[in-house]
Amino acid sequence: MTLRRIIGKRVVEVSDAEFNDLSARHSGGVVLDVGTGDGKHAHHLARGRPDQLVIGLDATKDNMRRMATKAAANPAKGGLPNLLYLWAAAERLPEALSEIRELHILMPWGSLLRGVLGSDPVILEGLARACAPDASFLITLNLHAWRPAVPEVGDHPEPTGESAFTDLAPVLDRAGWRLDEAKYLDAEEIAALSTSWTRRLNSARDQLDVLALTGVVNVSSPVLPPARSHRHASASSSAAEPRRVPGSCGTQTAQAAL
């Protein structure tokens, strides 16, 4: 499948050679934000990480148009040459997307949520094929999707910091993903995600509960995974505990990393 880049109202095809050349110019590798929506999280990442090529990918092209226009502008006028918005479904990733070093799936919905929960293994398997060895991942789950349960969650119970390792970790493992940590995000960490979706959800309720999952895709060495880590505190907790996050930053607070 050809790479289809969104630039304002235009859809521009990007050849594999053009994409490979662009990737090679960024020493920090490629970050893929799957289900990017309006693309604000991807824009936030690209602005703070000029050495990385950040890609916002979504199956709905219209939502990305505004941020894609900003990204394609002249850098002197706020454009970000290290940011692309691509029109594609997570179930059918373009073959040119490969060697992804960092993968973000924030507040998934619809088919993407079904995929993360294991109801559609094609999604997790396809994303793993697009990742480099030892790529890091961040998944954030909107727990209000279980309150009451939306059709996409099916029979899957609401995950917790503990149950993520008994229920979700095996699903992820079968697709080549290793879950290292599951924790609730506090209000500051949720705000640091910089997504319109979390802002809309937060404005509609007194407390927004989000569970963050982090780990590694395509583990290259058969070493024992880190000790399981989870936090019982709710998303409204004011404690900003350090956590392991995707990327080369190591262990740091969510706000500093995101």
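Keep in mind the model is a prediction, meaning the values are calculated, not measured.

Caption draft 1: Geometry of the overall build of the protein. Within the protein, the regular secondary structure consists of nine helices and 12 strands. Classification of the 258 residues of the protein by burial places 53% in the buried group. With the model as given, the accessible surface of the protein reaches about 11800 Å², and the carbon-plus-sulfur share is 51%.

Caption draft 2: Quick look at the side chain of Ser163. Structurally, Ser163 can be placed in helix α6 (residues 163–174). Here the side chain of Ser163 touches Thr160 through a polar contact of 2.7 Å, landing on its backbone nitrogen. Every residue in contact with Ser163, bar those within four places of it in the chain, is listed here: Glu158 and Leu168.

Caption draft 3: Looking closely at α6. When the terminal C-alpha atoms of α6 are compared, their 17 Å separation across 12 residues agrees well with the 16 Å that a helix rising 1.5 Å per residue should span. All of the buried residues along α6 are Ser163, Ala164, Phe165, Leu168, Ala169, Val171 and Leu172. Buried residues along α6 cover an arc of 165 degrees about the axis, so they all sit on one side. When the buried face of α6 is taken as reference, the exposed residues oriented beyond 90 degrees from it are Thr166, Asp173 and Arg174.

Caption draft 4: Inspection of the pattern of salt bridges at higher detail. One pass over the structure, following the stated rule, counts seven salt bridges. Across the salt bridge formed by Glu158 and Arg147, the nearest N and O atoms sit 2.7 Å from each other. In this pair, Glu158 is assigned in the loop between β7 (131–142) and α6 and Arg147 in the loop between β7 and α6, connecting sequence segments 11 residues apart. Classification of Glu158 by relative accessible area gives partly exposed; the value is 27%. Among the residues examined, Arg147 registers a relative accessible area of 38% and is labelled partly exposed. Each of Arg147, Glu158 and Asp209 takes part in salt bridges that share partners, so that together they form one network.

Caption draft 5: Highlighting unusual backbone geometry. The peptide bond linking Arg147 to Pro148 adopts the cis configuration, its omega dihedral lying at -5 degrees. Mapping Pro148 onto the fold places it in the loop between β7 and α6. At Glu99, a residue that is not glycine, the phi angle is positive and equals roughly 60 degrees. With respect to the secondary-structure elements, Glu99 resides in the loop between β5 (83–87) and β6 (100–106). Backbone geometry at Ser194 places phi at a positive 55 degrees, although glycine is not the residue there. Looking at the secondary structure, you find Ser194 in the loop between α7 (187–192) and α8 (196–203).

Caption draft 6: Local environment of the confidence of the model for the protein. The predicted model of the protein has a mean per-residue pLDDT of 88, with 84% of residues at 70 or higher. Low pLDDT, under 50, characterises residues 235–258; the stretch is placed with 60 contacts to residues that sit more than four places away or in other chains.

Caption draft 7: Seen up close, the nonpolar core. One finds Phe19, Val34, Ile55, Leu127, Phe137, Trp177 and Leu213 to be the most contacted residues of the largest nonpolar core, which totals 53 residues. The leading source of residues in this core is α6, at six residues. Filtering out sequence-adjacent residues up to four positions away, Ile55 remains in contact with Phe19, Val30, Val31, Leu32, Asp33, Leu84, Leu86 and Leu97. Ala42, Met67, Ala68 and Leu83 belong to the second largest nonpolar core, which has 13 residues in total.

Caption draft 8: Representation of the pairing of β7 in the model. Among the 12 residues that make up β7, 10 are buried, leaving the element largely enclosed by the rest of the structure. Bridging between β6 and β7 involves six bridges; their strand directions are parallel. For His104, the partnering residue across the bridge sits in β7 and is Leu138. Judged from the eight bridges that link them, β7 and strand β9 (residues 210–217) form a sheet pairing that is antiparallel. Bridge assignment links Asn142 to a residue of β9, and that residue is Val210.

Caption draft 9: Here's a closer look at the packing of aromatic side chains. A full pass over the atoms with the stated rule returns one aromatic pair. Here the basic side chain of Arg4 rests over the ring of Trp87, its NZ or CZ set 3.9 Å away from the ring centre. Directly above the aromatic system of Trp87 lies the positively charged group of Lys61, at a separation of 4.3 Å from the ring centroid.

Caption draft 10: Main features of the pairing of β6. The buried fraction of β6 is high, at six of seven residues. Taken together, the five bridges between strand β3 (residues 30–34) and β6 define a ladder with parallel strand orientation. Within β6, the residue paired with Val30 across the bridge is Ile100.

Procedures and definitions
- Every residue gets a number counted from 1 within its own chain, in the order that chain's sequence is written.
- For a predicted model such as this one, the threshold for reporting local features is a pLDDT of at least 70, and the threshold for listing and counting side-chain atom pairs is 80 or more; totals across whole chains, interfaces and linings nevertheless cover every residue.
- Note that the side-chain values use all heavy atoms of the structure and ignore hydrogens as well as water.
- Helix numbering and strand numbering both begin at the N terminus, where a helix is a DSSP run of H or I of at least 4 residues and a strand a DSSP run of E of at least 2.
- Note on classification: 1.4 Å probe, protein chains only; a residue is buried when its accessible area is under 20% of the maximum for its type, exposed when over 50%, partly exposed between these limits.
- Per-residue and other accessible areas were derived by the Shrake-Rupley procedure at a 1.4 Å probe size, with only the shown protein chains allowed to occlude residues.
- Pairs of N or O atoms are called polar contacts if they sit within 3.5 Å, as long as, within protein, a hydrogen donor faces a hydrogen acceptor (for residues adjacent in sequence, only side-chain-to-side-chain pairs).
- Between two residues, a contact is recorded if the distance between any of their heavy atoms is within 4.5 Å.
- For a helix, the expected span equals 1.5 Å multiplied by the residue count minus one.
- Taken from the helix axis, the directions to the C-beta atoms give the arc we talk about.
- By definition, a salt bridge exists where a carboxyl oxygen of Asp or Glu is found within 4 Å of a side-chain nitrogen of Lys or Arg.
- The pLDDT score gives, residue by residue, the confidence of the prediction method on a 0 to 100 scale.
- Among the buried residues, those of types Ala, Val, Leu, Ile, Met, Phe, Trp, Tyr and Cys that are joined through side-chain atoms within 4.5 Å form a nonpolar core.
- The rule for pairing is simple: two strands pair if DSSP sees at least two bridges between them.
- Classification of ring pairs rests on two measures: the distance between centres of Phe, Tyr or Trp rings, Trp counted by its six-membered ring, which must be within 6.5 Å, and the angle between planes, read as stacked under 30 degrees, edge-to-face over 60 and tilted in between.
- The rule for a charge over a ring is simple: NZ of Lys or CZ of Arg within 6 Å of the ring centre, and within 35 degrees of the ring normal.

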